[in-house]
Amino acid sequence: MSITTNLQEVLSDLPQGVRLVAISKFHPNEAIEEAYQAGQRIFGESRAQELKAKHETLPDDIEWHFIGTLQSNKIKYIIPYVALIHGIDSFRLLIEVDKQASKAGRKVNCLLQLHIAQEETKFGFNFDECREMLAKGDWKLLQHIEICGLMGMASYTDDEKQIEAEFCSLNNFFQEVKKQYFASQTSFREISMGMSHDYHLAIAAGSTMVRVGSKIFGERN
Ligand SMILES: *Cc1c(COP(=O)(O)O)cnc(C)c1O
């Protein structure tokens, strides 16, 4: 199977209104170029320096998303051009992104990452931490970030009922905070959920953006 065939297969699974972020982390430029030739324009990376290097050498009309854990000292590498940061998991990080975005003279789109899985290893706010941060309201003062929605990762399990329940919990939380804090903000509209093994379930649960890597590019080394 080629990257082009894999990509077309994933795209044919997506209903209107669900966008594909092709996760190209650890794959070489040639792999991204093949997907680009096939029409894909949104790519996601999980390391700031890798993203920087790829951004510098690949076509300018690629929309780059950052999906990993972002270290404060690396934010500056991606701020000038990153289109969306999926993994904001603390208020401190939001402040840091705002500060760097201000220096770069732009506004950076961000998603708040929620911890919806059973495993302890996955990052993100738990629901109460996120409620607390939103209730405090300091985030409203940050002029150089835009909170565009939420992101989450389900447990890595074969239990589809559990995955479904976790995705639904993110959708419910999205509806709750949308109503309470972002009702008049049309840009608050993304629910980033679904990876290679579970994106069908994520779409059924209301995903607007799936992040698919290995199903398109093959296994990572
Ligand atoms: C690596 C990664 C993906 C893609 O995973 P696949 O299983 O290869 O599709 C999606 N989201 C995040 C946050 C990732 O780190």
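Reference entry: report on the structure contained in this document. Everything quoted here is computed from the prediction, not taken from an experiment.

**Re unusual backbone geometry**
Negative phi values dominate among residues other than glycine, just as trans dominates among peptide bonds.
And step 1. One non-glycine residue, phenylalanine 26, adopts positive backbone phi at about 65 degrees.
And step 2. With respect to the element layout, phenylalanine 26 can be found in the loop between strand 1 (19-23) and helix 2 (29-37).

**Focus: the side chain of glutamate 50**
And step 1. Topologically, glutamate 50 is positioned in helix 3 (residues 48-57).
And step 2. If we ignore the near neighbours within four places in the chain, the residues touching glutamate 50 are Ser24, Lys25, Phe26, His27 and Glu45.

**Digging into the nonpolar core**
And step 1. Ranked by size, the top nonpolar core spans 64 residues in total, and within it Ile85, Val97 and Leu112 carry the most contacts.
And step 2. No other element matches helix 7 (residues 160-181), which puts six residues into this core.
And step 3. Non-local contacts of leucine 112, meaning those with residues more than four positions away in its chain, are made with His86, Ile88, Phe125, Cys130, Met133, Leu134, Ile147, Gly149, Leu150 and Met151.
And step 4. Counting residues in each nonpolar core, the second largest holds nine residues, with Ile23, Ile42, Leu111 and Met209 among its members.

**As for the state of the cysteines**
And step 1. For the structure on display, the rule yields zero disulfides.
And step 2. Cysteine cysteine 148 remains unbridged, with the sulfur of cysteine 110 as its closest cysteine sulfur at 7.5 Å.
And step 3. The buried category is assigned to cysteine 148, whose relative accessible area is 7%.
And step 4. Here cysteine 168 is not disulfide-linked; the sulfur of cysteine 130 is the nearest cysteine sulfur, at 18 Å.
And step 5. Judged by relative accessible area, cysteine 168 falls into the partly exposed class, the value being 34%.

Rules behind the numbers
- Residues numbered from 1 in each chain as written.
- Predicted model: local features only at pLDDT ≥ 70, side-chain atom pairs only at ≥ 80, totals over all residues.
- Heavy atoms only, no water.
- Helix = DSSP H or I, 4+ residues; strand = E, 2+ residues; numbered from the N terminus.
- Contact = heavy atoms within 4.5 Å.
- Core = buried A, V, L, I, M, F, W, Y, C linked by side-chain atoms within 4.5 Å.
- Buried < 20%, exposed > 50% of the residue type's maximum accessible area, 1.4 Å probe, protein only.
- Disulfide = S-S within 2.5 Å.

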